[in-house]
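# Structure assessment
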Amino acid sequence: MAANKRIMKELGEINTNPPPGCAIRLAKEDDINLWDVTMDGPQDSPYTGGKFHIQIVLPKEYPFKPPVLTFRTKIYHPNVTNDDKGAMCLGMLRADEWKPPNKIVDVLKLVRAVLAAPQPDDAVEAGIANEFKTDRKAFDKTAQDWVKKYAK
Amino acid sequence: MSATSLRVLTAEFPDPQWASSTDTIQQVNSSISYWALPSPAPVTLSTTNANPGSDLTGLLYYPDLPPNDACNDAAAPYVPKNVTRRSNLPVAGYDVIAVAPWLSPDCVQKYLRSARRTGGRAFIFFLPDNSTMPVPGSDDPTWALGDGENWKRENPYPVYAIPGTTGNELLYQSSLYSGNVTDVPHGQLLTETGVDPRNYVRLFVDISTGGGTALPSLWVFLLVVLGILLGIIGCTSLSMHILQRRRRIALRRRVATGEVDLEALGIKRLTVPQEVLDKMPLYTYGSGAPVAHPSTARDGAATTPSEPTTTLAESKLSTSTSSRPSSPFPNIRPTPTLIRGNSYHPSPLQQPTCAICLDDFVPGTPDSPTGTIVRELPCHHIFHPECVDAFLRDSSSLCPMCKKSALPKGYCPRVVTNAMVRRERMMRGLQPDAAGDVESGATAGEEGVQTRRRSMMMSWGGQRRFFSAPSQEMQAMDAAGSGSTTRPPPPAATRTGMFGTSLARERRSVTQPLPTQQSQPVQPPSNPSRREWARERAVAMLGRDRAPVDPDAEEAMRTPRWRKVLQGVFPNMGGGRAS
Ligand SMILES: [Zn+2]
Ligand SMILES: [Zn+2]
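Residues numbered from 1 in each chain as written. Chains lettered and ligands numbered in written order. Predicted model: local features only at pLDDT ≥ 70, side-chain atom pairs only at ≥ 80, totals over all residues. Heavy atoms only, no water.

## Details of the coordination of the zinc ion (ligand 1)
Ideal geometry at a metal gives 109.5 degrees between four tetrahedral donors and either 90 or 180 degrees between six octahedral ones. All names here are of chain B. Here is the rule: Each metal's donors are the N, O and S atoms found within 2.8 Å of it, except that Na, K and Ca use a 3.2 Å limit; water is left out, so coordination can look incomplete. A four-donor site is classed as tetrahedral when every donor-metal-donor angle falls between 85 and 135 degrees; four donors are called square planar, and six octahedral, when trans pairs exceed 155 degrees and all remaining angles lie between 65 and 115, with any other arrangement labelled irregular. Secondary structure elements follow DSSP: runs of H or I no shorter than four residues count as helices, runs of E no shorter than two count as strands, and numbering proceeds from the N terminus. For every residue, the accessible area obtained with a 1.4 Å probe (protein chains only) is divided by the maximum for its type, and the residue is called buried under 20%, exposed over 50%, and partly exposed between those limits.
In this structure, Cys354 (SG), Cys357 (SG), His384 (ND1) and Cys387 (SG) serve as the protein donors to the zinc ion (ligand 1), at separations of 2.0 to 2.4 Å. Geometry at the zinc ion (ligand 1) is tetrahedral, judged from its four donor atoms and the angles of 93 to 118 degrees they form at the metal. Of note, the donors binding the zinc ion (ligand 1) are all from one chain and are spaced C-x2-C-x26-H-x2-C. On the criterion of sequence distance, the pair formed by Cys354 in the loop between helix H9 (312-321) and strand S11 (373-376) and His384 in the loop between strand S12 (382-383) and helix H10 (385-394) is long-range, its members being 30 residues apart. Each member of the pair, Cys354 together with His384, is buried.

Structure follows, in structure tokens:
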């Protein structure tokens, strides 16, 4: 019950004051543990102009356990798995680094920051991370292509 | 050692007196000679000198009685005139088996004596009743000779019994095969097919004592081997259980002395039992006044949660002036947490919000003590009791904020299991069966473990260090993000931005129990490569992220069933889980 109260509180806060570039709604009316987020690609990043659909699953242990975040829109990014899961797991999203005072709004800010500045040293896609570090131009090109292809 | 079957066939063999090679008994072509497999199997009356596992074989003969004996008349209806007698067989060189009717006890004794004298290898009796019915069992009174079973002992051969018709048939057939080769049935044919006319052609008996007789002794042997094995297993198991028990006790002791931190080592994820939870201070936010514990309330203390016994000012005064480790208030339970200097007045500015439900705490004032009741953990983090209690009791003993243990130092869960012992040993990098136990509690060993654990954690940290370099934007955002929620002051220099605080946390939690060692240089491990190997092994097996809720269940999940059984018997085994 406490978790529900907290999620409702967060949902209220986030709807009145959404983080920049994010639109949030519940995926299903009756399930407050499943959030749908549409995030605009940050300016000055190869993802600019893209609209990324992100699903956030709040575990029933929330806020003691971190939310699980998946990109439903394909994205070329070293920190997002390049499969149909599109999982992102870094920083505060890790189970051992998550703290209850972290909020979904913080998570979304983190995600947007990671879109703007990928963390190749903490990558899940080693190939993309390598390209990001060694051939930034090629990385940007592919990322933009993917935005055109999938995130319009 | 009872007979399992009887086989009779016709055999030819030379007279050993002139033959160059004796004991060459050959079966005569069975299509033109007698053979039989009478059933049912003979009943065994005496097993004297019957060798288990080896067949009794010999030439069939009828043992003669003294010429004028009355038994001859009694036997006459069953014994053909030309029956094969001892005199129809070679004197020596071949085993012989006697067949005769079971007449009166007196006649039977005479037959037995005759067979004894003529060297019978075995004796087969049949009942003089022309019946095909199976004969009664060996303990039937039919077979009593009135000498208290003495006959079984004094006759040095085994004795069997077969139905009457079978016996009649055998003696009848033996009368056909008692003369020269040419006189036996198909004698002419036999000589034409290569049987030496000078040879004997007689009935040959094979009493199989085969599997049935061999088994009992084999069973005994197997049982003895099994017994010895069970004994060895039992002793080993017992000693292992005793050893494992000692290890559990040792682990419990080392947990109690703070030498082993089950949670930090990833051995077991602990939870906070209700009685420990009850001892954690509850007080009105902002006032610092303790609220009655359920237990003290039960004791009849006049305090209630809405009526704190002291005000902030009083509390501050008493705790700052009194450094003695005793509570100035006799009606307040002297728990360790009550003694600490600034325990009861965390600045409202530092923790204005419950991190779990995100609701703000309402401060109480000395005048109107209606503030929020908060639960303070030993790390001084405060939460609503309704928010944090269930979590600590059911999920984790770690503070949700700083991940420090909320359990009292040296707390040991009530049950220390073998699985925990195994994990702890594995984390120490010891082979499960290593001899040199450091469990004796020697201080040298203790330090060694501490040092090793620290170096272990350090290298974990080292691997993650790349992770703690956030970009400028991150830090800016972090500051912005945490602006709305003022967080408690981070322990010095452990905050590295949004990413990677776990390194600091790990290092802190490990070094914290031993502050004096912090200034000492970490001793380089005596055998770094081996230690590294052990660490990697442990990490590979246990995972590095979190301690398991239930190491036994965890272990049970990864352990195949046969291994579980093995571990039940030999609890010391099983550390070497295949990685
Ligand atoms: Zn709360
Ligand atoms: Zn804490």
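## Some details on the coordination of the zinc ion (ligand 2)
Residue and element names in this part refer to chain B. The protein atoms donating to the zinc ion (ligand 2) are Cys379 (SG), His381 (ND1), Cys399 (SG) and Cys402 (SG), with metal-donor distances spanning 1.9 to 2.3 Å. Note that the zinc ion (ligand 2) binds four donor atoms; their angles at the metal cover 106 to 113 degrees, and the shape is tetrahedral. Read from N- to C-terminus, the donor residues coordinating the zinc ion (ligand 2) fall into the pattern C-x1-H-x17-C-x2-C. One end of the pair, His381, is in the loop between S11 and S12; the other, Cys402, is in the loop between H10 and helix H11 (418-427), and 21 residues separate them in sequence. For His381, a relative accessible area of 11% puts it in the buried group. Residue classification places Cys402 among the buried residues on the basis of a relative accessible area of 10%.

## Side note on the sheet that holds S11 of chain B
Residues and elements named next belong to chain B. What counts here: By the convention used here, strands pair only if DSSP detects at least 2 bridges between them.
Taken in spatial order, the three strands make up an open sheet running S10-S11-S12, and their pairing is antiparallel. In this open sheet, the two edge strands, each paired with only one partner strand, are strand S10 (282-284) and S12. One ladder, built from three bridges, connects S10 with S11; its direction is antiparallel. Along S11, the bridge assignment pairs Tyr283 with Val374.

## Quick look at the UniProt feature "transmembrane region" (unreviewed entry) in chain B
Going by this rule: UniProt positions are given in the numbering used here, feature names are shortened, and annotations may be inferred rather than shown by experiment.
If you check UniProt for "transmembrane region" (unreviewed entry), the listed places come out as residues 218-243 of chain B in our numbering. Secondary structure over residues 218-243 of chain B splits into 100% helix and 0% strand, and the C-alpha atoms at its two ends are 37 Å apart.

## Focus: the pairing of strand S7 (residues 120-126) of chain B
Residues and elements named next belong to chain B. Here is the rule we go by: Orient the strands so they point away from the viewer, and a crossover whose first-strand-to-second-strand path over the helix runs clockwise is right-handed.
Of all seven residues making up S7, six are buried, and the element is well covered by its neighbours. In the sheet, strand S6 (residues 96-101) pairs with S7 via six bridges, with the strands oriented parallel. Paired with Val99 across the two strands is Ile124, which belongs to S7. Assessed by its sense of winding, the connection that carries the chain from S6 through helix H2 (residues 105-117) to S7 is right-handed. Of the strand pairs in this sheet, S7 and strand S8 (residues 159-162) are connected by four bridges, and their pairing is parallel. Counterpart to Phe125 in the pairing with S8 is Ala161.

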